[in-house]
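# Analysis of the macromolecular model
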Amino acid sequence: MRSRIIHLINPKTDSLTTRPLYMNRALYSPLAGLLAVAACIPRDRYEVVLTDENIETIDFDLKADLVGISAMTSYVNRGYEIADQFRAKGVPVVMGGVHPSFMPQEALKHCDAVVIGEVELVIDKLLDDLERGSIRGTYRSETLHSMVGVRMPRYDLLKKNRYVNRTFVQTSRGCHQGCTFCAEPLMNGLKFRYRPTDEVIREMENCGSRTISINDADFFGTPDRPKEVMRALKGRGFHWQAGVTSKLAQDDRMLELAAESGCTMLSIGFESISRSTLKSVHKHVNRPETFAALVEKLHSYGIMVFGLFMFGFDGDDRSVFEETVRFNRDADYDACAYSVLTPYPGTLTWYEMKKADRIVSYQWDKYDQSHVVYRPAQMSGDDLRLGQAQAYTDFYSLPSIAGRFPFYGSRHRAQWLIYNLFMRRGAKTERIDAIAAPTDAPDTAPMPPILPIKREWRTAVLEAAHGGGPHLS
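The structure contained in this document is the topic of the report that follows. Not measured: the values here are computed from a predicted model.

### A few points about the nonpolar core
- Judged by nonpolar contacts, the single largest core of 143 residues is most densely connected at Phe220, Trp240, Leu266 and Tyr333.
- Ranked by residue count, the leading element in this core is strand β15 (residues 304-311), at six residues.

### What to know about the sheet that holds strand β14 (residues 263-271)
- If you walk across this open sheet you meet the six strands as β9-β12-β13-β14-β15-β16, and the pairing is parallel. Sheet topology places β9 (168-169) and β16 (335-340) at the edges, where each strand pairs with a single neighbour.
- Pairing of β14 with β15, which is carried by six bridges, proceeds in the parallel orientation. Each residue of the ladder has a partner; that of Leu266, found in β15, is Val305.
- With respect to the sheet, helix α16 (residues 413-428) is in contact with β13 (239-244), β14, β15 and β16, its orientation differing from that of β15 by roughly 25°.

### Remarks on the packing of helix α7 (residues 197-206) against helix α8 (residues 225-233)
- α8 packs onto α7 with a crossing angle of 45° between their chain directions and a minimal axis gap of 10 Å. Regarding the angle of α7 to α8, the classification is oblique. In terms of crossing hand, the pair formed by α7 and α8 is right-handed. Contact residues: Thr197, Val200, Ile201 and Met204 in α7; Arg225, Glu228, Val229, Ala232 and Leu233 in α8.
- Taken together, the residues that form the contact of α7 with α8 break down as six nonpolar, one polar and two charged.

### A look at the pairing of strand β12 (residues 211-214)
- Examined bridge by bridge, β9 and β12 share two bridges and lie parallel to one another. If you follow Phe168 over to β12, its bridge partner there is Ser213.
- Pairing of β12 with β13 involves four bridges; the strand directions are parallel. Bridging from a neighbouring strand, Ile212 pairs with Trp240 of β13.

### Some details on the pattern of salt bridges
- In this structure the tally under the stated criterion is 31 salt bridges.
- Close ionic contact of Arg4 with Glu131 constitutes a salt bridge, the shortest N to O distance being 3.5 Å. In this pair, Arg4 is assigned in strand β1 (residues 4-10) and Glu131 in helix α5 (residues 123-132), connecting sequence segments 127 residues apart.
- Note on Arg4: relative accessible area 26%, which makes it partly exposed.
- Here Glu120 and Arg173 are joined by a salt bridge, their closest N and O atoms 2.7 Å apart. With a gap of 53 residues between them, Glu120 in the loop between β6 (113-115) and α5 and Arg173 in strand β10 (residues 172-173) connect regions that are remote in the sequence.
- Looking at Arg173, the relative accessible area reads 8%, which means it is buried.
- Within this structure, Arg4, Arg45, Asp65 and Glu131 form a network of salt bridges that share partners.

### Comments concerning unusual backbone geometry
- Even without a glycine there, the phi angle at His282 is positive, about 70°.
- With respect to the helices and strands, His282 occurs in the loop between α10 (275-280) and α11 (291-300).
- Overall, the relative accessible area of 23% leaves His282 in the partly exposed class.

### Some points on α8
- Turning to α8, its buried residues number three or more, namely Arg225, Pro226, Lys227, Val229, Met230 and Leu233.
- Where α8 is buried, its residues touch β11 (193-194), α7, β13 and α9 (252-260).

### What about the pairing of β16?
- Within β16, six of the six residues are buried, leaving the element largely enclosed by the surrounding structure.
- Side-chain alternation along β16 places Ala335, Ala337 and Ser339 on one buried face and Cys336, Tyr338 and Val340 on a second face that is also buried.
- Judged from the six bridges that link them, β15 and β16 form a sheet pairing that is parallel. Note that in β16 the partner of Phe306 across the bridge is Ala335.

The rules behind these values
- Residues numbered from 1 in each chain as written.
- Predicted model: local features only at pLDDT ≥ 70, side-chain atom pairs only at ≥ 80, totals over all residues.
- Heavy atoms only, no water.
- Core = buried A, V, L, I, M, F, W, Y, C linked by side-chain atoms within 4.5 Å.
- Buried < 20%, exposed > 50% of the residue type's maximum accessible area, 1.4 Å probe, protein only.
- Helix = DSSP H or I, 4+ residues; strand = E, 2+ residues; numbered from the N terminus.
- Pairing = 2+ DSSP bridges.
- Contact = heavy atoms within 4.5 Å.
- Axes fitted to C-alpha atoms, helices over the stretch in contact; angles between N-to-C directions.
- Parallel < 35°, antiparallel > 145°, perpendicular 65-115°, else oblique.
- Left-handed = near helix turned anticlockwise from the far one by under 90°.
- Nonpolar A, V, L, I, M, F, W, Y, C, P; charged D, E, K, R; others polar.
- Salt bridge = Lys/Arg side-chain N within 4 Å of Asp/Glu carboxyl O.

See below:
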């Protein structure tokens, strides 16, 4: 008897970090979510086939019993194309990920079912319905996963030789910050949920790699929990990196433990060098006057700084690009990523811009943090697009790379060079020819899986939803 097959697919993203650029490798694997989904599928009942379209072609002739597609906004249209093609062959399709979770009724035009939010608590019902031939509609848990007993991701499915960073371990879900442009608190909540430390360490010891990316929204989110994990990591021979916010990265004891436990790099969402801009998007944790000293402090512990910055806030004018890059070079950032503010559907930025009639394009594949899909306040769309491109060109110019190279200290020079070369080539191969063309608004309204806590934000969401017609979930 033929084994039942579930085909999990990550549609092509074609971003700076997922595009194979050197030695046929991409900088990051985007498969952490699908590896976690695969872990929830019983091996004694199903064979799982995993395809990342960024590095391989999809086998549309595979005799699958179910296709699962995970998609973010920028590549959900490609996900819909894939879903349509499989459904035309009679194969049921389920979609999940951020965009389908926020816009399930749109996704259901292309698939049989949508998983809203976390998969762990609904996978059994989904598979039971598959067996009965009744898989349809939305699957959503009434509670959030406790993070206790999270199954080990199916790392055996990963084509490890195709990525530089391939092993992503999640120690928590949620984020305290509530930034208006971010989907994280509306997807996973404002409260942190922590995996037991012994389960985190067990996964790291058995994942097949000694180089780990911690896949949390904010690993340094609270003062004590990350210290517990880092104490457990000491002496185990791991090299790890994580995303954190700037406040607790100032804590010397936190940084001592990070260095002692093998931390090589921290990615920090600085976002802007303007305090008023940061306050306007609820990023109160960031204080630009401390940024340069923070970079210097992290370097003193041998830790690289990957700075994440965003252009296109209402306080930004055409001077923001040159000023930000000059600041980054003077402060000796190891690497930087520059994105265009993007009003992802369901975020507070979306509702604010939608209400003000500032969103121009609803073409989802342009929601890639490089195209401009709205009307900026103090510059043209072309100014914003070209300014972002110039920021990459200037920061990753050969003189800039040479001037920032860590000749002294204990930063990991090979890792430093890999990031700078990948980002330099990635920026040079971006194909952003124009701002996004105007389109009509979608006929379905987004609805966050978790409503905002602040009353005025919750009101904004519900008002928009009630005006969205009969298609709301």
